[in-house]
Amino acid sequence: MPQKAWWKEAAVYQIYPASVCDLNGDGIGDIPGILSKLDYLESLGVDVVWLCPVYESPQVDMGYDISDYRAIHAPYGTVQDVDQLIAALHKRGMKLVMDLVVNHTSDQHAWFKESRSSLDNPKRDWYIWRKPRWDAEGNRQPPNNWASVFGGSAWSFDEETGEYYLHLFCKEQPDLNWENPDVAQAVHDVMTFWLDKGVDGFRMDVINFISKTPGLPDAPVTIPDQQFQPAELHYADGPRLHEFLRGLRGILDKYNAFAVGEMPGVKEEAEVLKSVAEDRKELNMIFQFDIICLDNGRNNKFFPKEWSLPKLKAIVHKWQTCMFDNSGWNALFLENHDQSRSVSRFTPHRPENRNAAAKMLATFMGMQAGTLFVYQGQELGMANLPKDWGIDEYKDVETQNLYRLALEQHRGDPDGAEKVMDQVRLKARDHGRSPMQWNTQKHGGFTTGTPWMRVNEDYLHCNAEQQQRDPSSVFAYWQRLLRLRKQHADTFVYGSFELLAADDPAVVCYRRVHASAGAATVVLNFTDGEYAWEAPPGVVKAWEGARRILANYAEPGEIRKHSAAVVCLRPFEAVVLLEERKMC
Ligand code: GLC
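Residues numbered from 1 in each chain as written. Predicted model: local features only at pLDDT ≥ 70, side-chain atom pairs only at ≥ 80, totals over all residues. Heavy atoms only, no water.

## Points about the sheet that holds strand β6 (residues 129-130)
If you walk across this open sheet you meet the three strands as β6-β10-β9, and the pairing is antiparallel. At either margin of the open sheet sits one strand with a lone partner, and together these are β6 and β9 (155-158). Inspection of the sheet shows β9 paired to strand β10 (residues 163-166) by four bridges, in the antiparallel sense. Within β10, the position partnered with aspartate 158 by the bridge is glutamate 163. (Pairing = 2+ DSSP bridges. Helix = DSSP H or I, 4+ residues; strand = E, 2+ residues; numbered from the N terminus.)

## Some words on the sheet that holds strand β22 (residues 565-569)
Ordered by their spatial adjacency, three strands build an open sheet running β19-β22-β21, and the pairing between neighbours is antiparallel. In this open sheet, the two strands that pair with only one neighbour each are β19 (531-534) and β21 (558-561). Along the sheet, successive strands turn relative to each other by an average axial angle of 30°, direction set aside. With four bridges connecting them, β19 and β22 associate as antiparallel partners. Bridge assignment links glutamate 534 to a residue of β22, and that residue is valine 566. Sitting on the sheet, helix α18 (residues 537-545) is in contact with β19, β21 and β22, with an inclination near 130° to β21. (Axes fitted to C-alpha atoms, helices over the stretch in contact; angles between N-to-C directions. Contact = heavy atoms within 4.5 Å.)

## Observations concerning helix α14 (residues 416-427)
Between the first and last C-alpha of α14 there are 17 Å, a value that for 12 residues agrees with the 16 Å anticipated at 1.5 Å per step. Considered for burial, the residues of α14 that qualify are Gly416, Val420, Met421, Gln423, Val424, Arg425 and Lys427. Elements that come into contact with the buried residues of α14 comprise α11 (342-345) and α13 (397-409). (Expected span 1.5 Å × (residues − 1). Buried < 20%, exposed > 50% of the residue type's maximum accessible area, 1.4 Å probe, protein only.)

## Let's talk about the domain arrangement of the chain
The domain architecture assigned to the chain consists of domain 1 (6-105 + 180-384), domain 2 (110-166), domain 3 (386-427) and domain 4 (495-580). On a C-alpha basis, the centres of domain 1 and domain 2 stand 29 Å from each other. Contact residues are listed per partner, giving 20 residues for domain 1 and 21 residues for domain 2. Summing the contributions of domain 1 and of domain 2, the shared interface buries around 1,700 Å²; its carbon and sulfur component is 62%. The largest contributions to the domain 1 side of the interface with domain 2 come from Leu216, Asp218 and Phe228, which together make up 35% of the buried area. Linking domain 1 to domain 2 there are one salt bridge. Taken together, the connections running from domain 1 to domain 2 amount to nine residue pairs in polar contact (both at pLDDT 80 or more). Broken down by secondary-structure element, the contributors of at least two residues to the side of domain 1 that touches domain 2 are α6 (181-196) and α7 (232-235). In terms of residues, the side of domain 1 that touches domain 2 owes the most to one element, α6, which gives three residues. (Domains from an automatic or database assignment. Buried area = accessible area lost by both parts, 1.4 Å probe. Salt bridge = Lys/Arg side-chain N within 4 Å of Asp/Glu carboxyl O. Polar contact = N/O pair within 3.5 Å; in protein donor to acceptor, adjacent residues only side chain to side chain.)

## Let's talk about the site of the ligand
Near the ligand there are 14 residues, and of these Asp61, His104, Asp205, His337 and Asp338 occur at the shortest range. Here an oxygen atom of the ligand and a side-chain polar atom of aspartate 338 are 2.4 Å apart. Take arginine 429: an N or O atom from its side chain is 3.0 Å from an oxygen atom of the ligand. About the coverage of the ligand: the protein hides 97% of its 310 Å² of free accessible area. Broken down by class, the residue content of the shell around the ligand amounts to four nonpolar, three polar and seven charged. (Near = heavy atom within 4 Å. Areas by Shrake-Rupley, 256 points an atom, 1.4 Å probe, with all protein chains shown as cover. Nonpolar A, V, L, I, M, F, W, Y, C, P; charged D, E, K, R; others polar.)

## What to know about unusual backbone geometry
Not every positive phi belongs to a glycine, and leucine 216 is a case in point at roughly 45°. Turning to its location among the elements, leucine 216 is positioned in the loop between β11 (201-204) and α7. Owing to a relative accessible area of 8%, leucine 216 belongs among the buried residues under this scheme. The phi torsion at aspartate 237 lies on the positive side, around 60°, for a residue other than glycine. For aspartate 237, a relative accessible area of 18% puts it in the buried group.

## Quick look at the packing of aromatic side chains
Enumeration over the complete set of coordinates arrives at 26 aromatic pairs. Here the aromatic rings of phenylalanine 287 and phenylalanine 373 are separated by 4.8 Å at their centres, their planes lie at 75°, and the arrangement is edge-to-face. In this pair, phenylalanine 287 is assigned in strand β13 (residues 285-287) and phenylalanine 373 in strand β15 (residues 371-375), connecting sequence segments 86 residues apart. Judged by relative accessible area, phenylalanine 287 falls into the buried class, the value being 3%. Grouped by ring-pair contacts, the aromatic residues Tyr55, Tyr69, Trp111, Trp126, Phe193 and Trp194 constitute a single cluster. One residue, arginine 70, lies across the ring of phenylalanine 193, its end atom 5.5 Å from the ring centre. Here the guanidinium or amino end of lysine 123 rests over the ring plane of tryptophan 126, the centre of that ring lying 4.8 Å away. (Phe/Tyr/Trp six-rings, centres within 6.5 Å; stacked < 30°, edge-to-face > 60°. Lys NZ or Arg CZ within 6 Å of the ring centre and 35° of its normal.)

## Notes on the UniProt feature "domain: Glycosyl hydrolase family 13 catalytic" (unreviewed entry) in the chain
Feature annotation in UniProt assigns "domain: Glycosyl hydrolase family 13 catalytic" (unreviewed entry) to the following positions: residues 14-433. The straight-line gap between the two end C-alpha atoms of residues 14-433 is 12 Å; of that span, 32% is helix and 12% is strand. (UniProt positions renumbered as here; feature names shortened; annotations may be inferred.)

## Quick word on the side chain of aspartate 237
Mapped onto the fold, aspartate 237 is located in the loop between α7 and α8 (241-254). Although aspartate 237 is buried, it forms no salt bridge, and the closest oppositely charged side chain is lysine 274 at an N-O distance of 7.1 Å. Once you skip the residues sitting within four places of it in the chain, aspartate 237 turns out to touch Asn208, Met263, Val266 and Glu271. (Lys, Arg positive; Asp, Glu negative; His and termini not counted.)

## Notes on the nonpolar core
In terms of nonpolar packing, the biggest core is built from 147 residues, with Leu96, Met98, Trp178, Met191, Phe202 and Met204 touching the most fellow members. Apart from residues lying up to four places away in sequence, leucine 96 is in contact with Val49, Leu51, Val82, Leu85, Ile86, Leu89, Val199, Asp200 and Gly201. (Core = buried A, V, L, I, M, F, W, Y, C linked by side-chain atoms within 4.5 Å.)

## Digging into the environment of phenylalanine 303
Within the element layout of this structure, phenylalanine 303 appears in the loop between β13 and α10 (309-325). Not counting residues up to four positions away in its chain, the partners in contact with phenylalanine 303 are Asp295, Asn296, Gly297, Arg298, Ala406, Gln409, His410, Gln423 and Lys427.

## Brief notes about the pattern of salt bridges
Working definition: two side chains of opposite charge can pair if their charged atoms are close together. Evaluation of the coordinates by the stated rule reveals 47 salt bridges. Residue glutamate 457 pairs with arginine 454 through a salt bridge whose shortest N-O separation is 3.2 Å. Residue arginine 454 is classed as partly exposed on the basis of its relative accessible area, which comes to 37%. Linked through salt bridges whose partners overlap, the residues forming this network are Asp61, Lys301, Asp338, Asp396, Glu398, Arg429 and Arg433.

And the structure:
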């Protein structure tokens with residue numbers, strides 16, 4: 001049985017500051033805007049706010065390119081505003097988690113400006129500089145063949161000093177050199193600065209990229225028609241990662257603070273456990289990418305890949321049981337600022353079934369073991385941007401770069417452009433970044449000015465104000481779900497996980513069991529149609545006898561009994577059945 005902890009029972013709400021609420025009318029969300037929405041968050045029932053980067057930044061990658069870790073990007077507000085946010089959250093018994101982006105800085109950070117100023121600058125070694133390679137024709141080439149996550153080479157040449165610097169993301173995001181102990185010290189100081197202010201912990205951006213394979217060798221060629229190659233092998237979970245994580249943990253422990261690490265590219269249980277198993281004393285949990293990479297195709301995410309429900313179930317089963325059996329902990333999420341909207345991506349639906357689908361997905365995630373993360377707008381069932389929006393509406397640097405790259409790779413295919421655009425419509429990060437839809441006023445009540453990004457025009461029938469008044473809304477469903485999760489924490493947070501009907505192509509069914517508190521059965525129809533499900537006898541028994549504590553259809557569904565019992569599920573039906581142990 002997992003040990004109890006506040007952060008295991010918590011629901012975390014992720015805020016994308018640019019898009020929450022703009023109080024000063026400049027079209028960009030701000031911290032005072034967030035402060036004005038704390039009643040809303042409290043009424044939803046979340047316990048922790050994770051604030052995406054609000055630090056000073058040229059915003060090449062929407063704040064994930066930080067130029068000063070101790071200052072706030074002016075359109076968002078001031079350090080005093082953050083102080084106020086901490087105080088206001090704490091007053092409500094809630095907590096604040098900040099984003100810590102320390103694999104890289106902005107190229108406008110004073111550290112990098114110094115580093116690039118000369119070969120013998122004391123900060124030269126704070127970043128990863130290498131001499132060029134020269135090919136047989138005498139052309140200058142990057143030091144190795146690594147591709148940037150955002151396309152192209154991971155190296156940029158600096159004319160002044162005649163060397164290349166490494167950037168796993170944009171060229172404006174140079175990677176810090178963690179091999180230099182001064183870098184770790186500087187990061188520890190930044191953490192201390194914010195922890196002293198009362199911040200309760202950090203979400204650590206691509207934290208498993210901070211240790212690279214010594215010598216930075218070439219990556220194997222896995223995409224032959226591409227000049228630069230994916231190189232996660234040489235920078236995800238590198239040899240000194242765990243040593244560096246323990247260093248970070250040392251600082252966190254002084255404040256009893258919390259940490260969730262973002263860790264793309266780590267697939268092995270043993271490797272993940274090294275970062276999150278209780279006795280390792282590294283991180284509390286990580287964001288693991290198996291689910292959200294399920295439909296990312298060859299080359300990059302703008303190539304399609306078929307996914308199946310049994311495959312999704314196998315992933316869930318793998319991580320649920322792995323963490324339970326090994327004293328680890330899961331971070332449960334389907335959406336964040338790097339993903340499109342789950343209701344559009346994982347549950348293609350007819351318009352009339354959108355709310356049922358959003359509630360079904362909420363149930364799918366919300367009844368699993370782990371700390372639950374809700375991304376802003378997910379509680380309303382916000383959907384992807386309209387299909388008729390052109391590529392110019394997509395602001396994200398990753399979208400624009402990978403779109404161009406994918407187009408090039410479809411050269412000669414007359415349908416290439418449309419194929420790529422289809423994937424952009426499905427998976428671009430922009431879908432998760434459009435402004436929050438508060439009400440039916442212009443721009444969904446997000447701003448009185450011109451929004452930095454166009455508001456999804458469906459705000460007229462998908463907005464917070466309407467949903468807060470409507471007991472059958474997606475918002476009201478999330479409220480119930482979060483409440484139930486707390487009321488029955490022994491079962492839903494700490495209970496074991498058992499997957500049923502693993503191979504069924506339409507239904508997800510799992511049980512959560514706690515020896516003394518009771519058991520719950522979760523049944524979910526992942527299709528847009530009716531589904532006659534030949535359910536296992538135990539489920540039929542629960543369906544007939546257990547308490548239906550959460551469901552997205554008002555009336556219980558029907559069971560038909562012929563030779564076997566068939567549960568007739570309606571489109572995207574979700575049901576949670578609770579069998580409480582009788583206390584005698
Ligand atoms: C993380 C962030 C993403 C950002 C990238 C580079 O994956 O979540 O938004 O672009 O790191 O910092």
